[in-house]
Amino acid sequence: MKIARSLAPRLIGSACLCLAAAAQAATVYDESVSGDLSGSGLSPTFVALAAGANVVTGSTGRVSGVVDRDYLTFTVPVGMQLSAITPLAGTSTVSGGLAFIGIEAGTQVTTPVAGPATTLLGWHHYAPGDVGNNILPLIGAGAGAIGFSGALGAGNYAVWIQETGVGTVPYVMAFTLSPVPEPTSAALLLAGLAGLAWRRRPVR
Ligand SMILES: [Ca+2]
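Residues numbered from 1 in each chain as written. Predicted model: local features only at pLDDT ≥ 70, side-chain atom pairs only at ≥ 80, totals over all residues.

### Observations concerning unusual backbone geometry
Here's step 1: The peptide bond linking glycine 115 to proline 116 adopts the cis configuration, its omega dihedral lying at 5°.
Here's step 2: One can find proline 116 in the loop between β7 (99–105) and β8 (122–126).
Here's step 3: Although it is not a glycine, serine 95 sits at a positive phi angle of roughly 55°.
Here's step 4: By the element assignment, serine 95 lies in the loop between β6 (80–87) and β7.
Here's step 5: Residue serine 95 is classed as exposed on the basis of its C-beta count, with 10 C-beta atoms lying within 10 Å. (Helix = DSSP H or I, 4+ residues; strand = E, 2+ residues; numbered from the N terminus. Buried ≥ 20, exposed ≤ 12 C-beta atoms within 10 Å, placed from the backbone.)

Here you go:
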């Protein structure tokens, strides 16, 4: 019994460590390993995301007049939300200018490359100054798009990344999934009281 008692906290501790490790940043797609992401908005590359920061590493830009557009799609599972999109160190743009990222609901980007943005949930022109910052709120505020605020809930999404300047530039983009926050204690209390009131109703 002594052994069991002393092991229990350690087992709980190691389980917590495992959960923490699962939430660490992980590379989920690297173009240098798995090849260029799809260049078609109608058939984006599917990328599986897990809890924590999911890092997609690729490159975009214009070479010989051809723009390497990258399209990917992913699913946010029930109980989770997309809480951040963060350009990480290693992200650059042609001459430090602006590159583009957009997101559309569903498994395709149907928005034409020349716009308008009305079918996008949002978009943002990212620059090296965005490195390390969550740009999801800026994407949600993209002009002319459907728009959103806060995190994006369970569902399918398609992302479009492009740099139209001449040259090839890398990007390292982290897509963070986090659990949908638990209801606040006040909300739980109200729900509990409502349940009590319902139970006290006379049976007819
Ligand atoms: Ca690419």
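### Side note on the sheet that holds strand β2 (residues 45–46)
Here's step 1: The five strands are arranged β2-β5-β9-β7-β8 in an open sheet whose pairing can be described as mixed. A single partner strand is all that each edge strand has here, and the edge strands are β2 and β8.
Here's step 2: Here β7 runs beside β8; their pairing, made up of five bridges, is antiparallel. Its bridge partner being in β8, isoleucine 101 is matched across the sheet by histidine 124. (Pairing = 2+ DSSP bridges.)

### Observations concerning the nonpolar core
Here's step 1: Ranked by size, the top nonpolar core spans 34 residues in total, and within it Leu72, Tyr157, Val159 and Phe175 carry the most contacts.
Here's step 2: Mapped onto this core, the elements with two or more residues apiece are β3 (52–63), β5 (70–76), β6, β7, β8, α3 (136–140), β9 (155–162) and β10 (167–179).
Here's step 3: With six residues, β10 is the largest single contributor of residues to this core.
Here's step 4: In contact with tyrosine 157, not counting residues within four places along its chain, are Thr73, Phe74, Val76, Leu82, Ile103, Ala105 and Leu152. (Core = buried A, V, L, I, M, F, W, Y, C linked by C-beta atoms within 7 Å. Contact = placed C-beta atoms within 7 Å.)

Just distances and angles here, no functional claims.
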